[in-house]
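In case you want the letters, here they are:
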Amino acid sequence: MPVITINGPIGCGAVTIGQMVAEQLQLNFVDRLFFTEAARIVGTPVGTLIAKEQRVDRFRDRLGRFVQTMLERSAMSGVSGEPYFGRGIENLPPETYMDLTGEGGGVAQKLDDKTFIEAMNKVAHDLHAQGDAVIIGRGANHILANAAHTLHVGLLAPMEVRVKTLMDREHFEEEEARIHVEELERAREDFLLKFWKVHPSEASHYHMMLNMGKMNTKTAAEVIAHAAGDLTS
Amino acid sequence: MFPEVTLVTPTRDDIQRMADWLSDTEVNTVWYGVGTDGKPLHTSYLPEAVLAGGESEWDHVFNDDNRTIYSVYSEAGEHIGEGQLAVEWPLLEARADLLIGRKDLWHHHYGTSALIGLLDHAFGPLGLHRVWVDVPEYNEPGLQMCQHVGFVMEGHMRKTHHKNNEWFDSSVLGLLSEEYPRRRAKLMETAVT
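These remarks concern the structure in this document. (Residues numbered from 1 in each chain as written. Chains lettered and ligands numbered in written order. Predicted model: local features only at pLDDT ≥ 70, side-chain atom pairs only at ≥ 80, totals over all residues. Heavy atoms only, no water.)

Attention now goes to the interface of chain B and chain A. If you look at the interface, chain B gives 30 residues, while chain A gives 31 residues. Buried area between chain B and chain A, summed over both chains or domains, comes out near 2700 Å², and the portion from carbon and sulfur atoms is 53%. Across the salt bridge formed by Glu93 of chain B and Arg40 of chain A, the nearest N and O atoms sit 2.9 Å from each other. Summed over the shared surface of chain B and chain A, the result is 13 residue pairs in polar contact (both at pLDDT 80 or more). (Contact = heavy atoms within 4.5 Å. Buried area = accessible area lost by both parts, 1.4 Å probe. Salt bridge = Lys/Arg side-chain N within 4 Å of Asp/Glu carboxyl O. Polar contact = N/O pair within 3.5 Å; in protein donor to acceptor, adjacent residues only side chain to side chain.)

A word on the pairing of strand E4 (residues 93-100) of chain B. All names here are of chain B. Burial of E4 is extensive: 8 of the 8 residues sit out of reach of the surface. Pairing analysis gives 8 bridges linking strand E3 (residues 79-88) to E4, with the strands arranged antiparallel. Its bridge partner lying in E4, Gly81 is registered against Ile100. What sits between the antiparallel neighbours E3 and E4 is a turn of 4 residues, in which Leu92 has the positive phi angle 50°. In this structure, E4 lies alongside strand E5 (residues 130-136), joined through 3 bridges in parallel fashion. Among the inter-strand pairings, Glu93 is bridged to a residue of E5, identified as Arg130. Tracing the backbone out of E4, into helix H5 (residues 110-123) and back to the parallel element E5 gives a crossover that is right-handed. (Buried < 20%, exposed > 50% of the residue type's maximum accessible area, 1.4 Å probe, protein only. Helix = DSSP H or I, 4+ residues; strand = E, 2+ residues; numbered from the N terminus. Pairing = 2+ DSSP bridges. Right-handed = clockwise from strand over helix to strand, strands pointing away.)

Residues and elements named next belong to chain B. In this structure, Val5 sits in strand E1 (residues 5-8). We classify Val5 as buried; its relative accessible area is 18%. Expressed as a C-alpha distance, the spacing of Val5 and Val152, which sit 147 residues apart in the sequence, is 24 Å. Those residues in contact with Val5, other than ones at most four positions away along the chain, are Val72, Tyr73, Ile80, Tyr110, Ser113 and Ala114.

Further remarks concern the packing of aromatic side chains. Under the defined criterion, the tally for this structure stands at 10 aromatic pairs over all chains. On the basis of an interplanar angle of 50° and a centroid distance of 5.2 Å, the ring pair of Phe116 of chain A and Phe195 of chain A is categorised as tilted. In this pair, Phe116 of chain A sits in helix H6 (residues 113-130) while Phe195 of chain A sits in helix H9 (residues 174-196), placing the two residues 79 residues apart along the sequence. Taken individually, Phe116 of chain A and Phe195 of chain A each receive the classification buried, so the pair is uniform in this respect. Through a chain of ring-to-ring contacts, three or more aromatic side chains come together here, namely Phe116, Phe191, Phe195 and Trp196 of chain A. Stacked on the ring of Tyr138 of chain B, the Lys or Arg Lys163 of chain B has its end atom at 3.7 Å from the ring centre. (Phe/Tyr/Trp six-rings, centres within 6.5 Å; stacked < 30°, edge-to-face > 60°. Lys NZ or Arg CZ within 6 Å of the ring centre and 35° of its normal.)

Moving on: the sheet that holds strand E5 (residues 208-211) of chain A. The strand order across the open sheet formed by 12 strands is E5(A)-E4(A)-E1(A)-E3(A)-E2(A)-E6(B)-E7(B)-E5(B)-E4(B)-E3(B)-E2(B)-E1(B), and the pairing between neighbours is mixed. At either margin of the open sheet sits one strand with a lone partner, and together these are E5 of chain A together with E1 of chain B. Across the sheet, the mean angle from the axis of one strand to that of its neighbour is 25°, orientation sign disregarded. Relative to the sheet, helix H2 (residues 33-42) of chain A contacts strand E2 (28-30) and strand E3 (133-136) of chain A together with E3, E4, E5, strand E6 (152-163) and strand E7 (166-176) of chain B, its axis offset from that of E6 of chain B by approximately 75°. (Axes fitted to C-alpha atoms, helices over the stretch in contact; angles between N-to-C directions.)

Overall, the coordinates contain 33 salt bridges over all chains when judged by the stated rule. Between Asp113 of chain A and Lys194 of chain A there is a salt bridge, with its nearest N and O atoms 3.0 Å apart. Taken together, the residues span a long stretch of sequence, with Asp113 of chain A in helix H6 and Lys194 of chain A in helix H9 at a distance of 81 residues. Judged by relative accessible area, Asp113 of chain A falls into the partly exposed class, the value being 30%. Arg102 of chain B is the salt-bridge partner of Glu78 of chain B, the closest N and O atoms lying 3.5 Å from each other. Of this pair, Glu78 of chain B sits in the loop between strand E2 (67-74) and E3 while Arg102 of chain B sits in the loop between E4 and H5, and the two are 24 residues apart along the sequence.

The following block contains the structure:
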């Protein structure tokens, strides 16, 4: 009944490795589903919970709001265009992104920390009770810090590796990917510091840490699967 | 370029065609299979039961605020399939289901076009925050199509999908409103080139 948590900064390959480990060991794989389950418990859109984890205003969100605002402006000025990518965007300087941002936004509603953390705890403990799962991030390694039959894996990777991952996966330009990586990493640090008073790269919170700048994903998955063998033996 | 499709309110003729398509083993095998009575299963409603029922049964299925069912029509004006959005309003999310019943149009991107139509509607007029799909392991083309459109693998659960007395793995993939514009744009770029 092993449960494996894998934590790492965005772009380090945690999702890919997690899927490979789950496939290899025939385990359930839980990534954003963690949040969608917590959202169901709280009865609020998942964006509310994601906003708790990613409180730093993300570039992509800003871009989304920027596009939205442009659409509204275009609509008001009678400029028609294809939804989402209407004419007029090219006429605004990039610094307008910042002008258009504000606190919160999107569907995020107010959610108090206690309710949030209770929902997160419930999802993590339910998954642990069910067993046979690979869980990606969301502080699961802290919630299940001392849980039985659980392996906690930390990943790290140099900035250039993470930027390249984002460029390949999200089709970002290099600078855009770098901003995204930096912002989300800051948000991740804030999230873990706020709720568990820990830094995500602190090795003592994991059974092992793997440097994805020095190892390919296949090898990392095999190492984790091998280490998980100790949990069932 | 992706083929043009339109999503419209179903007619009784459309639902009869759905019943015909679903009775084809090749179609229901990639869908929900058949029930213990040997009749093909469908999501949300059973076409034959709706056709046999009266107006109230029809209204119950097709005028439901929590579930929108569309017939998919090709550019040539032919009915080719069905799309559904089952909405959970408190969560601002919907589960999407899509079936292209015309087998001769499989693998010609009609599913992709119809899925984009569903997403445009979900994130546009309906104002939803998340759309998700549950794809069983035996529908690999469906999984690839959803990922191609921009859905993210949120979880993969072992032996949770039951069909024809067998249990199958299934993948839950989701797409958020803030993720959709960029991915849609990239998809359209690839379609042009």
